[in-house]
Structure formats: structure tokens, C-alpha cells
Amino acid sequence: MECMSEATKMGFATRAIHDGQAPDELTGAVNVPVYLTSTYKQDGIGKTRGGHEYARLTNPTRDGLEESLCSLEGGTSAHCFGSGMAAITALCTMMKTGDHVVCTENVYGGTSRLFNQVLVNYGLTFTYVDTRDADTVAQAIRPETKLVHIETPTNPMMSLTDIRAVSEAAHANGVEVSVDNTFLSPYLQRPIELGADIVMHSTTKFLNGHSDGLGGVLVGTKPEHAERFRFVQKCTGGILSPFDSYLLLRGVKTLAVRMKQHDANGRAVAQWLIERFGPEKVFYPGLKTHPQHELAKRQQKGFGSMLAFELGSLEAANAFVSKLKLCYFAESLGGVETLVCHPATMTHAAVGTEGRKKLGITDGLIRVSVGIEDVEDIIGDMEQALEGSE
Ligand SMILES: Cc1ncc(COP(=O)(O)O)c(C=O)c1O
């Protein structure tokens, strides 16, 4: 929906709790009710109550959530979908046969799988470039390019794209920029303030924060984004359910405090890893040794809790993940619990051996989404799991 909030001048944590979440008109309930309904009684022909006709089009729980996410990212509209992948699919319906997309080469494996194995069949073309360099992006733009899609930081190598520089390069060529902001959340990075046109999230991750619901969102900045994404929700139906919308609203209320703790724990774990393995084996933009540390300081409000490190071999990686007790070896990220994954066989399996080699994703690479447990316990668990696996 289009953002209606009047409280957008408040601070981030305040907006996360209040925007889109005014007490219920009927009862004063301080949480947005879960509207479990597929349809709405109408009071006569053309007489809907508050414009509600059918739940694929609007649902008050989802409306509240969209208002909230729109406010947090600083856009003018937000539209929620059943997963992050459903949101990216909706984003790509802005294009038609013959259109071209420039995309970060180190993008989430599911995104490149959607592009390469589904959307190419509908006549869209994709060029993957190293978006760390805005000139490379500019050079990849063609007359038929409609979108530059970037992910920063990237999954799992934690390289960054300068959102402002890439947005300027794209806009100079009349091309829009979308940013997958999943890894940092709007608490730590707000791409629209840096010039991006559309922000996309897998809300499954930090926005939800509790590993209990899938979701995705597109936050737009122009009336045509609102019109398009509303229409796509209506036509394709891949919307977020009322209950998942409620879970996400509940998660978002604590986003600010969670992200502060994720950031603090991420920094501590990265520092411990660097002391153990040395700077060339740890990938975290918060480290002074990270080649884009200055950019991270400039465009992010913290460094977050996603990091990767190199254990040297598949055997060492397997020994490590098998011995973890507190941290979970599992897909996904952004939950309150520490989640460890093996990109080569999990998130980036679909990229193939050659693709992974090009991106630097080795069989010994481990990705960590550092949770908000006591950091000594996280480090203690990783330490015991490393014994004998190096
Ligand atoms: C950066 C990023 N974008 C998009 C997605 C896809 O989101 P979902 O799993 O909610 O469909 C993921 C999933 O891991 C992701 O990490």
C-alpha cells in the first residue's frame, strides 16, 4: 500500500513500534488484529467498508505491516509477498520480453537461479557484473536495460556495492536501481536515502528476526511502483498471509534493539575469528582489513552480523558444523539464534562448481549469521567445534 503514516519524523525505533500499528479503532487493542478473512461484507453496490473487497487485494493486518515497512525504509509504498523470492519475481514483472537486467555477480543463489532458469524463458536477459565498481555497472548498461539489481553486502563473500555511485551511474542512463537489503535491514542501511529506487527484502531474515515465517517486500519510491506492485499482488496472488503479516509486525517492533545486539555480537565474533585465522580468511566489512571498510562506514550505520570465514577444506568445514552444539547448522539467517551454513552445498549449490570458483566460494567456506545469544557462549561453542577440525 501507499505510505500514509504521519509519524515518519519520529526516530527509527519509535516508528518500528508505532507506524502502521495504531491501536485498534474498535477495542483499543495495542496490536494490529489478525484479520482471518478471505472476503468482506459490502453494504451495497460499490459500498465497501474502507475499500476492502477481497483479501488477495487488501487485508488490514498486511496493510499495517506494509505501512510499517514503508516508513522504516523511507519509501512511498510497500507491498508484501509470500517470500523473498516471490518479491523478486514481482519486481521482475516490471519488465517485458527483450528487457535486460544488470545484476551483482555475487547475488543470492536463489536469485540467479530464478533469473537463469525461469525468467530467461520469458525473454529477459541478465548480465552479472562486479558491482563493487560503478564504472563496470555503467559499461554493462545497454539501450534495453531496465534495471540494475544489487545486493550489498553480498551473500556470502560480504563484498559491498556503493549504492550512491551505482544509482548515479544507472540514473544517468535512465535505468532504475533495486537493492536487496536483506543482510542489514533498514536499521543499518537505507538504500533509498542513498539514491536507490526500490528496496527488496527477504523479510524471512532480520525483519522477522525469529525464524518463524517466510516473507518478502518491495518498497517503492514512485507512484508507478505502488500501482505496479499492487496490481501484481492482485493478479498473481503471491501475497503474505494475515498471520505471517502479524508475526512480521511483531518482529519489526524489536528490530532496533535486535540489530544493535546483532551488530555488537557480529563485531566480537569477527574479531575473535581474525585473531585465530588472520585477516585474509575472515570476510566481514566491520574489520579494518576488509578492503571496503571505509565504504561500509560511510553507507551503513553498523556492520551487522553476517560474516564468512575459510576453513580450507570440505572435511574441515564438515567437522566444524557437525560439532556445533549451541549454534545451529541450518539454512537461512537473521534469526535471534546463531545460524551457520555451508554455502557451497547449501545457498550456492545451484551456482555450480565453476560459478562458485569465480565468486571465491570454496568448499571450506563457512557463513555465520551471528545471533543475539551471549556472545561468550557463541564463541565458546565455535571454539569447541573448531578443536580438531582445522
Ligand atoms: C539475500 C537474500 N535475498 C533473497 C532471499 C530469498 O528469500 P526467501 O527465502 O524469503 O524467499 C534470500 C534467502 O536466503 C537471501 O539471503
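Engineer: What should I look at first to understand the overall build of the protein in this one?
Structural biologist: Secondary structure summary: the protein contains 14 helices and 12 strands in total. By the compact-globule yardstick of 21 Å for 390 residues, the protein fits well, its C-alpha radius of gyration being 21 Å. The C-alpha extent of the protein, read off along each of the three principal axes, is 75 × 50 × 35 Å. Within the span of the protein, comprising 390 residues, buried residues form 55% of the whole. Taking the contacts inside the protein whose residues are at least 6 apart along the sequence as the reference set, 73% of them involve residues at least 24 apart.

Engineer: Whenever I open this one, the pairing of strand β6 (residues 198-202) confuses me. Can you help?
Structural biologist: Put simply, side chains in a regular strand alternate between the two faces of the sheet. In terms of residue burial, β6 counts as a mostly covered element, since 5 of its 5 residues are buried. The alternating pattern of β6 places Ile198, Met200 and Ser202 on one face and Val199 and His201 on the opposite face, and all of these are buried. Of the pairings in the sheet, the one linking strand β5 (residues 176-180) to β6 comprises 3 bridges and is parallel in character. For serine 178, the partnering residue across the bridge sits in β6 and is isoleucine 198. In this structure, β6 lies alongside strand β7 (residues 216-220), joined through 4 bridges in antiparallel fashion. If you follow valine 199 over to β7, its bridge partner there is valine 219.

Engineer: In this structure, what is going on with the packing of helix α12 (residues 314-323) against helix α14 (residues 375-386)? I would like to understand it.
Structural biologist: The axes of two packed helices give the description: the angle between them and the distance between them. With their axes 8 Å apart at the nearest point, α12 and α14 run at an angle of 130° to one another. Judged by the inter-axis angle, α12 sits oblique to α14. Both α12 and α14 take part in a crossing whose hand is right-handed. Mapping the contact onto sequence places Ala319, Phe320 and Lys323 in α12 and Met382, Gln384, Ala385 and Leu386 in α14. Counted by class, the contact of α12 with α14 contains 5 nonpolar, 1 polar and 1 charged residues.

Engineer: In this structure, what is going on with the site of the ligand? I would like to understand it.
Structural biologist: Around the ligand, a shell composed of 13 residues is seen, among which Gly84, Met85, Asp180, Ser202 and Thr204 lie nearest. Serine 202 places a polar side-chain atom, nitrogen or oxygen, 2.8 Å from an oxygen atom of the ligand. Between the ligand and lysine 205 there is a distance of 3.1 Å, counted from an oxygen atom to a side-chain nitrogen or oxygen.

Engineer: Looking at this structure, how should I read the packing of aromatic side chains?
Structural biologist: Remark: the centre distance and the inter-plane angle together describe each pair of aromatic rings, the angle taken between the planes. Tallied over the entire structure, the rule returns 6 aromatic pairs. A centroid spacing of 5.4 Å and a plane angle of 70° characterise the contact between phenylalanine 12 and tyrosine 187, whose relative ring orientation is edge-to-face. A residue pair is termed long-range when its members are at least 10 positions apart, and phenylalanine 12 in helix α1 (residues 12-18) and tyrosine 187 in helix α7 (residues 185-188) qualify at 175 residues. Considered together, phenylalanine 12 and tyrosine 187 belong to a single accessibility category, that of buried residues. Among the aromatic residues, those joined into a ring-pair cluster are Phe277, Phe309 and Phe320.

Engineer: Just to check I follow, could you spell out the pairing of strand β9 (residues 306-310) for this structure?
Structural biologist: Burial within β9 is extensive, with 5 of its 5 residues counted as buried. Burial along β9 is two-sided: Met306, Ala308 and Glu310 facing one way and Leu307 and Phe309 facing the other are all buried. Pairing of strand β8 (residues 282-283) with β9 involves 2 bridges; the strand directions are antiparallel. Directly across from valine 282, in β9, lies its bridge partner phenylalanine 309. Two strands pair when backbone bridges link them, and β9 and strand β12 (residues 365-369) are joined in this way by 5 bridges, in the antiparallel orientation. Residue pairing for β12: phenylalanine 309 is matched across the bridge by isoleucine 366.

Engineer: Could you clarify how one ought to interpret the state of the cysteines in this entry?
Structural biologist: Such a bond, covalent and formed between the sulfur atoms of two cysteines, is termed a disulfide. Following the criterion strictly, the structure yields 0 disulfides and no others. Considering cysteine sulfurs only, cysteine 3 is the nearest to cysteine 70, which forms no disulfide, with 3.2 Å between them. A relative accessible area of 0% places cysteine 70 in the buried class. Just so you know, cysteine 341 is unpaired, no disulfide at all, and the nearest cysteine sulfur is the one on cysteine 327, 13 Å from it.

Reading the values: rules and limits
Residues numbered from 1 in each chain as written. Predicted model: local features only at pLDDT ≥ 70, side-chain atom pairs only at ≥ 80, totals over all residues. Heavy atoms only, no water. Helix = DSSP H or I, 4+ residues; strand = E, 2+ residues; numbered from the N terminus. Rg over C-alpha atoms; globule rule 2.2 N^0.38 Å. Buried < 20%, exposed > 50% of the residue type's maximum accessible area, 1.4 Å probe, protein only. Contact = heavy atoms within 4.5 Å. Pairing = 2+ DSSP bridges. Axes fitted to C-alpha atoms, helices over the stretch in contact; angles between N-to-C directions. Parallel < 35°, antiparallel > 145°, perpendicular 65-115°, else oblique. Left-handed = near helix turned anticlockwise from the far one by under 90°. Nonpolar A, V, L, I, M, F, W, Y, C, P; charged D, E, K, R; others polar. Near = heavy atom within 4 Å. Polar contact = N/O pair within 3.5 Å; in protein donor to acceptor, adjacent residues only side chain to side chain. Phe/Tyr/Trp six-rings, centres within 6.5 Å; stacked < 30°, edge-to-face > 60°. Disulfide = S-S within 2.5 Å.

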